[in-house]
Amino acid sequence: MNAEKIDVTGLNDDGITWTLLATLYLRAWESRAERPILGDHHAAEALDRIDYDFATLERRLRPRSNQFLVALRARRLDDWSAAFLARHPDATVLQLGCGLDSRMLRLDPPAPARWFDLDVPKVIDLRRRLYPERDRYRMIGASVTDPDWLRQVPADRPTLIIAEGLLPYLPGGDVRRLLQRLTDHFPSGELLFDGMAPWVTRMIKVFHWGVRDGREIERWNPRLRCVAQVSFGAGYERIPVRRYRLVYRLGNGIPTWRRMSQLFRFAF
Ligand SMILES: C[S@@+](CC[C@H](N)C(=O)[O-])C[C@H]1O[C@@H](n2cnc3c(N)ncnc32)[C@H](O)[C@@H]1O
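Being a predicted model, the structure only gives us computed values, none of them experimental. Residue numbering note: each chain is counted from 1, following its sequence as written. Per-residue local features of the predicted model are confined to residues with pLDDT of at least 70, and side-chain atom pairs are confined, for both listing and counting, to 80 or more; whole-chain, interface and lining totals are unaffected and use all residues. The side-chain quantities take in all heavy atoms of the structure and omit both hydrogens and water.

### Quick look at the packing of aromatic side chains
The aromatic pairing rule takes the rings of Phe, Tyr and Trp, using the six-membered ring of Trp, and pairs them if the centres are within 6.5 Å, calling planes under 30 degrees apart stacked, those over 60 edge-to-face and the rest tilted. Scanning the entire structure with this criterion turns up 13 aromatic pairs. Ring centres 6.4 Å apart and planes at 75 degrees place the aromatic pair Trp-209 and Trp-220 in the edge-to-face group. Linking Trp-209 in the loop between helix H8 (198–203) and helix H9 (214–220) with Trp-220 in helix H9, this pair joins segments that are 11 residues apart in sequence. Note on Trp-220: relative accessible area 21%, which makes it partly exposed. Secondary structure elements are defined from DSSP: runs of H or I of at least 4 residues count as helices, runs of E of at least 2 residues count as strands, and each element is numbered from the N terminus. Relative accessible area decides the class of each residue, using a 1.4 Å probe on protein chains only: under 20% of the type maximum gives buried, over 50% gives exposed, and in between gives partly exposed.

In structure tokens, the structure reads:
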């Protein structure tokens, strides 16, 4: 392996892209647990290669408690993705706002499945240095709000679209137009994403789009059918640390807490 550290200066300028380091850091942290929920050792390996002030990031992120947020979310999306790939081994997977996530390596779908990861160009430039392109794996450097990149993704197979930690950062109009373009382009598949409650997006400056219920989305895009909607904390039984498991269990009994952030699975 190349020992040269990768410089990530520049990810901070827009207040959003640096968040990919936060999720990567939390997944790497969680991978060191004795009984991890996700166990993403690729994240730990990637992190080792990055030159960044992780001590400051750690103070900001409080990984001891927040690791479970990202691990439960990623694990649920991995499980839904694996189920789709088992039903459609010839699928196209399209991950939007991929950051430095290693889902493609975690699931490693065999041929003939093919995988596309998309993020803004500066993130893809960095990503290429950590995860090289290979057969059936391509990266696209573009903004999801730009309509042109979709032409690079063939629409000839059942398609799994994953957007983890992306849509809340976009204005509502951009989310609607994006989902419309996706369902216009791909004839069939599933769309998986996480969404925040509108009151959360009003409280936290970097967020814009909020959603309460999958039926709202069905109303503005009738091609999408909500087949699952679960709280970010569902699956808390897997949390290996007793006191955090208890916090999640108690929170799960409170509707406002449960709906703070949810995971959605749509079929089309
Ligand atoms: C919280 S990070 C999540 C990254 C990754 N999905 C993960 O779970 O680690 C948000 C990601 O969305 C990307 N992003 C934000 N706005 C975007 C846009 N308009 N087009 C493409 N990617 C975008 C950021 O660059 C960043 O990688």
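### A closer look at the site of the ligand
Of all residues adjacent to the ligand, which total 21 residues, the nearest are Thr-23, Arg-27, Gly-97, Asp-119 and Glu-164. The term polar contact refers here to a pair of N or O atoms within 3.5 Å; inside protein, the definition further demands a hydrogen-donor-capable atom paired with an acceptor-capable atom, and it admits residues adjacent in sequence only when both atoms are side-chain atoms. In the environment of the ligand, an oxygen atom lies 2.6 Å from a nitrogen or oxygen atom belonging to the side chain of Asp-119. Note that a nitrogen atom of the ligand is positioned 3.0 Å from one of the side-chain N or O atoms of Ser-143. Note that accessible areas follow from Shrake-Rupley with a 1.4 Å probe, and for residues the cover is restricted to the protein chains shown. Against a free-state accessible area of 590 Å², the protein chains account for coverage of 94% of the ligand. Top contributing element to the shell around the ligand by residue count: helix H1 (residues 19–31), with 4 residues. Only a single heavy atom is needed: when it lies within 4 Å of a molecule or strand, its residue is near that molecule or strand.

### Topic: the nonpolar core
Ranked by internal contacts, the top residues of the largest apolar core, which has 29 residues, are Leu-94, Leu-96, Trp-149, Leu-167, Leu-182 and Phe-193. No other element matches helix H7 (residues 172–185), which puts 4 residues into this core. Setting aside its immediate chain neighbours within four residues, Trp-149 contacts Leu-94, Leu-96, Leu-118, Ile-140, Ala-142, Ser-143, Val-144, Leu-178 and Leu-182. Trp-18, Leu-47, Val-70 and Leu-130 belong to the second-largest nonpolar core, a separate cluster that totals 26 residues. In this text, buried Ala, Val, Leu, Ile, Met, Phe, Trp, Tyr and Cys residues form a nonpolar core when linked through side-chain atoms within 4.5 Å. A contact between two residues is defined here by any heavy atoms of the two lying within 4.5 Å.

### What about the pattern of salt bridges?
A side-chain nitrogen of Lys or Arg and a carboxyl oxygen of Asp or Glu constitute a salt bridge if their distance falls within 4 Å. One pass over the structure, following the stated rule, counts 21 salt bridges. Of the charged contacts in the structure, one is a salt bridge between Arg-128 and Glu-133, with a shortest N-O distance of 3.1 Å. Using a relative accessible area of 37% as the deciding quantity, one classes Arg-128 as partly exposed. The exposure class assigned to Glu-133 is partly exposed, which follows from its relative accessible area of 34%. In this structure, the salt-bridge partner of Arg-215 is Asp-213, at a minimum N-O distance of 3.1 Å. When its relative accessible area of 53% is taken as the criterion, Arg-215 is described as exposed. Each of Arg-27, Asp-40, Arg-73, Asp-78, Asp-101, Arg-103, Arg-106, Glu-164 and Asp-194 takes part in salt bridges that share partners, so that together they form one network.

### With respect to unusual backbone geometry
For residues other than glycine, phi is negative in most cases, and the peptide bonds are mostly trans. A cis amide bond, omega 10 degrees, links Ala-111 with the succeeding residue Pro-112. The residue Pro-112 is located in the loop between helix H5 (103–107) and strand S4 (114–119) in this model. A positive phi angle, near 45 degrees, is found at Arg-62, a position not held by glycine. Assessed through its relative accessible area of 55%, Arg-62 is described here as exposed. One non-glycine residue, Asp-108, adopts positive backbone phi at about 40 degrees. Positionally, Asp-108 belongs in the loop between H5 and S4. Judged by relative accessible area, which is 44%, Asp-108 ranks as partly exposed.

### Let's talk about the pairing of S4
Most of S4 sits out of view: 6 of its 6 residues are buried. Across the two faces of S4 the burial is the same, with Arg-114, Phe-116 and Leu-118 and Trp-115, Asp-117 and Asp-119 all buried. Whether two strands pair depends on DSSP finding at least two bridges between them. Here strand S3 (residues 92–96) pairs with S4 via 5 bridges, running parallel. Bridging across to S4, Thr-92 finds its partner in Arg-114. Pairing between S4 and strand S5 (residues 137–141): 5 bridges, direction parallel. Pairing of Leu-118 across the sheet is with Ile-140, part of S5. Handedness rule for crossovers: strands pointing away from the viewer, path from the first strand over the helix to the second running clockwise, crossover right-handed. Tracing the backbone out of S4, into helix H6 (residues 121–130) and back to the parallel element S5 gives a crossover that is right-handed.

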